[in-house]
Amino acid sequence: MKKIVSIVLSFALLFSLFGCSNNKTTKYSKSFLDLFDTASSITAYDTSQAKFDEKYNKLYDIIKEYSELYDIYNDYNNIINLKYINENAYKKPIKVDKKIIELLNYGKKAYKITDGYVNIAMGSVLSIWHDYREKGESLPPKSLLVSANGHTDINNLIIDNKNSTVFFKDKKLKLDVGAITKGFVCNKIYEYITQNNIWQSAVISLGGNIITIGNKPDGNDFAIGIENPDSSEFVDKVYANDNTSVVTSGSYQRYYTVNGKNYCHIIDKNTLYPANHFKSVTVISSDSALADTLSTALFCVDLDTGRKLAKKYNVQAIWLDNNDKITKTDGVNSAK
């Protein structure tokens, strides 16, 4: 069974973030399910529905372009995307859009940041788990995973920045950028909105990867609720000012059940099986790509290692363990 949920933010809380409208602007919101295979929403203050819709449509088209370029499962007319790259880049260098080059360069950086816990070249292993999760009947055999893991060396991903090409030195190498994509795109959304003066007060959610633009119309910070999958109570509510990202990785997001046990989609590179240290890990940062990257890494390591990693990269984190114990870094700005 495939679970697609809103990871961090309930839409009810999202709508309440902004409070009452002021004399000049009104709150507007739209949600969509067809991009990045997840539930997303755009909420902002604007002067009219028509103005909001016009800006929303432009932003949606930008997000759609990223979604199609970074898709590893579907083909699109006249687009060389990651699916095409996975199927062809071992034959010869493939000329690709600069947006793909930029993402893959960040993917190599993410590998170093996380000591390999986030590895965009792990697609050969992750695709096996995806196929078994779609069938929902059994677990993949360890021997199959070990064999696939022999084709996950990120050094076999050759990026030519000057010529904008991608080449695989290993025929069986596959890319999977799910651990970094939404955070990476959230950074791009923030840049687009602020550089073009689109909105002064907005909250964007890509599958629960939250990024804030400006503050609430009254000047106060937003309050972002972090969902507890087993309770009506939030794990926490945190204050977020301009350019704050709140990203959660959780065992309850995409999983399937075999013999009464749930297996999530986040795979530990050491065991090649789903990580099971926590129910969820939330990372708060001004860099959405970093928050996305570290939320996955911290989900795969023990608490002490995660604390050190959070401190090293100056992010705040919130852990919910399997016994519902909540642990927070000292700098988390929790809402009262």
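Our structure is the block above this text.
A few points on the structure. The structure displayed is predicted, hence computed values, not measured ones.

The rules behind each value
- Residues numbered from 1 in each chain as written.
- Predicted model: local features only at pLDDT ≥ 70, side-chain atom pairs only at ≥ 80, totals over all residues.
- Heavy atoms only, no water.
- Helix = DSSP H or I, 4+ residues; strand = E, 2+ residues; numbered from the N terminus.
- Rg over C-alpha atoms; globule rule 2.2 N^0.38 Å.
- Buried < 20%, exposed > 50% of the residue type's maximum accessible area, 1.4 Å probe, protein only.
- Contact = heavy atoms within 4.5 Å.
- Areas by Shrake-Rupley, 256 points an atom, 1.4 Å probe, with all protein chains shown as cover.
- Lys, Arg positive; Asp, Glu negative; His and termini not counted.
- Charge placed at Lys NZ, Arg CZ, Asp CG, Glu CD.
- Salt bridge = Lys/Arg side-chain N within 4 Å of Asp/Glu carboxyl O.
- Phe/Tyr/Trp six-rings, centres within 6.5 Å; stacked < 30°, edge-to-face > 60°.
- Core = buried A, V, L, I, M, F, W, Y, C linked by side-chain atoms within 4.5 Å.
- Axes fitted to C-alpha atoms, helices over the stretch in contact; angles between N-to-C directions.
- Parallel < 35°, antiparallel > 145°, perpendicular 65-115°, else oblique.
- Left-handed = near helix turned anticlockwise from the far one by under 90°.
- Nonpolar A, V, L, I, M, F, W, Y, C, P; charged D, E, K, R; others polar.

## Quick notes on the overall build of the protein
And then number 1: Along its length, the protein carries 9 helices and 15 strands.
And then number 2: The C-alpha atoms of the protein give 20 Å as radius of gyration, which agrees with the globular expectation for 336 residues (20 Å, within 12%).
And then number 3: Expressed as a percentage of its 336 residues, the buried residues of the protein come to 54%.
And then number 4: Within the protein, residue pairs in contact and separated by at least 24 positions form 63% of the contacts whose partners lie at least 6 positions apart.
And then number 5: Element-wise, carbon and sulfur atoms account for 46% of the exposed surface of the protein, whose accessible area totals about 15,300 Å².
And then number 6: Distance between charge centres in the protein, computed from 41 positive and 37 negative side chains, equals 4 Å.

## Some details on the pattern of salt bridges
If the charged atoms of two oppositely charged side chains come close together, the side chains can form a pair.
And then number 1: Using the criterion set out here, one finds 9 salt bridges in the structure.
And then number 2: Of the charged contacts, one joins Lys-83 and Glu-87 as a salt bridge, the two residues approaching to 2.7 Å between their closest N and O atoms. Of this pair, Lys-83 and Glu-87 both sit in helix H3 (residues 82-88), 4 residues apart, which is roughly one turn of the helix.
And then number 3: In this structure, Asp-324 and Lys-279 form a salt bridge, with 2.7 Å as the shortest nitrogen-oxygen distance. With Asp-324 in the loop between strand S14 (316-321) and strand S15 (326-328) and Lys-279 in strand S13 (residues 278-285), this pair connects stretches of sequence that are 45 residues apart.
And then number 4: Of the residues examined, Asp-324 reaches a relative accessible area of 41% and is grouped as partly exposed.
And then number 5: Accessibility expressed as a relative area gives 13% for Lys-279, which makes it buried.

## Quick word on the packing of aromatic side chains
And then number 1: Per the counting criterion, the structure on display carries 10 aromatic pairs.
And then number 2: Geometrically, the ring pair formed by Tyr-66 and Tyr-70 is tilted, given 5.7 Å between the ring centres and 45° between the ring planes.
And then number 3: With a centroid separation of 6.3 Å and 65° between ring planes, the pair formed by Tyr-70 and Phe-184 is classed as edge-to-face. Of this pair, Tyr-70 sits in the loop between helix H2 (49-69) and H3 while Phe-184 sits in helix H7 (residues 181-195), placing them 114 residues apart in sequence. Here Tyr-70 and Phe-184 have matching classes, each one buried.

## Description of the nonpolar core
And then number 1: Of all hydrophobic cores here, the largest spans 74 residues; its most connected members are Tyr-70, Leu-82 and Leu-104.
And then number 2: Looking at which element gives the most residues to this core, the answer is helix H8 (residues 288-300), with 8 residues.
And then number 3: The contact partners of Leu-82, leaving out residues within four places of it in the chain, are Leu-69, Tyr-70, Asp-71, Ile-72, Ile-100, Leu-103, Leu-104, Leu-175 and Val-177.
And then number 4: Counting 13 residues, the second-largest nonpolar core is a separate cluster that includes Val-203, Ile-226, Ala-240 and Val-332.

## Digging into the packing of helix H4 (residues 98-113) against H8
And then number 1: At a closest axis distance of 10 Å, the pairing of H4 and H8 adopts a crossing angle of 50°. Here H4 is positioned oblique relative to H8, judged by the angle of their axes. The two elements H4 and H8 meet at a crossing, and its hand is right-handed. Residues Tyr-106, Ala-110 and Ile-113 of H4 lie in contact with H8, whose contacting residues are Ala-289, Leu-290, Thr-293 and Leu-294.
And then number 2: Residue composition of the contact of H4 with H8, by class: 6 nonpolar, 1 polar and no charged.

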